[in-house]
Amino acid sequence: MNEIVRKTQPAVTHTSLDPQDWNEFRALAHRMLDETIDSIANVRARPVWQPIPDDVRAAFRIDVPREPTDLAEVYREFSESVAPYATGNVHPGFMGWVHGGGTAVGMLAEMLAAGLNANLGGRDHMPIEVERQIVDWMRGLFGFPEGASGIFVTGTSMANLMAVLVARTSALGTLARQHGIGNDGALLTAYASKAAHGCISRAMDIAGFGTDALRKIEVDADHRIDVSALRAQIAIDREVGFKPFLVTASAGTVDIGAIDDLKAVAALCREEGIWFHVDGAFGALAILSPELAPLLAGIELADSIALDFHKWGQVPYDAGFLLVRDGERHRQAFAQPAAYLRREARGLAAGAVWPCDLGPDLSRGFRALKTWFTLKTFGTERLGGVIARSCALAKYLETRVLAEPRLELLAPVNLNIVCFRYRAADEINREIVADIQESGVAAPSSTTLAGKFAIRAAIVNHRTNETDIDALVSAVLEFGARRAGNGLIEVEAPPLAAQ
């Protein structure tokens, strides 16, 4: 019987997944690298974005492959069917959402990280020390104390959720991790402005509070949280028996890039004994620019800060980050003893607090390496200059909009986001955005401000310059004239002062 089984089993001659011909693999790898570098170097030669053809999309509906495919063929399919139809945020004409442009340096670091294949959940190895060094750097940049902790995550949406969880544990104690939020937790209320990112509401949902526990406070004329209204709402909630526990201020709102009065919010939180969190997804890194850093006054008083290196920091996706003032409170929110995570005095299981003690992930990639490479290679002065430059370009776009009677500025330009419209109905402006995206000239996005559809240009890419701004304006005017010229929708007349 055993003899029969042995004869029917297929012979296994090569179980490793390493290349059988390293020289052939090396040649193809060099070609991949060269062509990727060429694509970045010559990015202006291709459209910002282009629609995916039906046949290309359909080709990705096949069953999972059972047999191997030659690597060169897989790469060919990538080159022809994936790369040309990416989001386009590497291109300087991408101004739709707050996506960083990445760098060739970061790309190489990502390759090196993949070669190490390190799991940064914990244990005693040098990649952990690289992440700890960046935590130290961020602690210093934001004026946090020595005991502050930090951790890399996918992005600010995750970092904001984790901040809610740390604030929850701080308010309810560690037993809430075992027993749930209970009756006391049901009374907890949190606060953010109506302009805050939607992930704050989602965090309240996931954390078990429900989105109704988040009070959305009105904004002032500058789109910042109305601190007087915030104070009043906290007082109302306390009066009826609720327990305010968290305020999330924005350092760069999603629609227009407004920065809340962080000093005033910090003072109110300290007075009320409330956790003060800052959602600084892209705006927090303005700390790198001496010109812009004063706008963040008060951020050093936060209990926690969430930010993304893959936005203004130009690190390739993804590289989010959470910084917490009280490292012990951070640890208490996530650390979980387990025999397989036992710490030893020596050997690979040695070391101090492991990253898995500071977040929900045990399996974690080496996001810190591409961030470390970026900070080491370019330095904070140059990165700060890039950030200031993007804000200057936003001001340039603002002047172009204000000088053109057919265009209307819809919000103040605080940082790097410009919201404007063609003086026509919303339907026309909606079509203009899609027309420009499909043309490949630029990629703006849209939002709604004061009931009006807005063309939204978020200038983040370090490659963007005035010619890209001019191309966007020209495209808006061209497609606007085409859409308005069809006679179906009447174009709004500009105010007399603009004529």
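Throughout what follows, the structure given in this document is the object of discussion. Quick caveat: nothing in here was measured; it's all calculated off a predicted structure.

### Overview of the sheet that holds strand β7 (residues 320-324)
- Taken together, the seven strands give an open sheet; going across it, the order is β1-β7-β6-β5-β4-β2-β3, and neighbouring strands pair in mixed fashion. With partners counted over all chains shown, the strands left at the sheet margins are β1 (149-153) and β3 (214-217), one partner each. This sheet shows a mean twist of 20 degrees between the axes of neighbouring strands, independent of strand direction.
- Sheet analysis places strand β2 (residues 188-193) next to strand β4 (residues 243-250), joined by five bridges and oriented parallel. Along β4, the bridge assignment pairs A190 with L246.

### Things to note about unusual backbone geometry
- A cis geometry characterises the amide bond from Y317 onward to D318, with omega recorded as -10 degrees.
- Here D318 shows up in the loop between β6 (304-308) and β7.
- Phi angles above zero are rare outside glycine, and R123 is one such case at about 80 degrees.
- Tracing the chain through its elements places R123 in the loop between α5 (104-116) and α6 (126-141).
- Phi at Q314 is positive, roughly 65 degrees, even though this residue is not glycine.
- Summarising the element assignment, Q314 is placed in the loop between β6 and β7.

### Brief notes about the environment of D220
- Looking at the element boundaries, D220 is found in the loop between β3 and α11 (227-239).
- A residue is classified by how much of its surface remains accessible, and D220, at 27% relative accessible area, is partly exposed.
- For D220 and T87, which are 133 residues apart along the polypeptide, the C-alpha to C-alpha distance reads 34 Å.

### Looking at helix α13 (residues 327-334)
- Within α13, burial applies to G327, H330, A333 and F334. The buried residues of α13 occupy one face: seen down the axis, they fall within an arc of 120 degrees.
- Buried residues belonging to α13 abut β1, α7 (156-172), α8 (176-179) and β7.
- The opening residue of α13, the one whose side-chain oxygen lies 3.1 Å from the backbone nitrogen of E328, is D326.

### Regarding the nonpolar core
- If you look at the biggest cluster of nonpolar residues, it comprises 68 residues, and the most contacted ones within it are F142, F276, I305, F309 and W312.
- With six residues, the top contributor of residues to this core is helix α14 (residues 367-403).
- In contact with I305, not counting residues within four places along its chain, are F142, F144, H277, V278, A284, I299, F321, L322 and L323.
- Among the nonpolar cores identified, the runner-up in size contains 31 residues, and A159, A203, F245 and A333 belong to it.

### Here we look at the side chain of D279
- Relative to the helices and strands, D279 resides in strand β5 (residues 275-279).
- Here A281 takes part through its backbone nitrogen, which lies 3.3 Å from a polar atom of the side chain of D279.
- Ignoring anything within four residues of it in the chain, the contact list for D279 reads T156, N160, H197, I200, T248, A249, S250, A251 and A306.

### With respect to the sheet that holds strand β9 (residues 417-422)
- Across the sheet, four strands lie side by side as β8-β9-β11-β10; this open sheet has antiparallel pairing. Each of the sheet's edge strands pairs with one partner strand only, and the pair in question is β8 (407-409) and β10 (445-449). Strand-to-strand twist in this sheet, taken as the mean axis angle between neighbours without regard to direction, amounts to 40 degrees.
- Across three bridges, β8 lies against β9 in antiparallel orientation. Bridging from a neighbouring strand, L407 pairs with Y422 of β9.

Conventions and cut-offs
Residues numbered from 1 in each chain as written. Predicted model: local features only at pLDDT ≥ 70, side-chain atom pairs only at ≥ 80, totals over all residues. Heavy atoms only, no water. Pairing = 2+ DSSP bridges. Helix = DSSP H or I, 4+ residues; strand = E, 2+ residues; numbered from the N terminus. Axes fitted to C-alpha atoms, helices over the stretch in contact; angles between N-to-C directions. Buried < 20%, exposed > 50% of the residue type's maximum accessible area, 1.4 Å probe, protein only. Arc of directions from axis to C-beta. Contact = heavy atoms within 4.5 Å. Polar contact = N/O pair within 3.5 Å; in protein donor to acceptor, adjacent residues only side chain to side chain. Core = buried A, V, L, I, M, F, W, Y, C linked by side-chain atoms within 4.5 Å.

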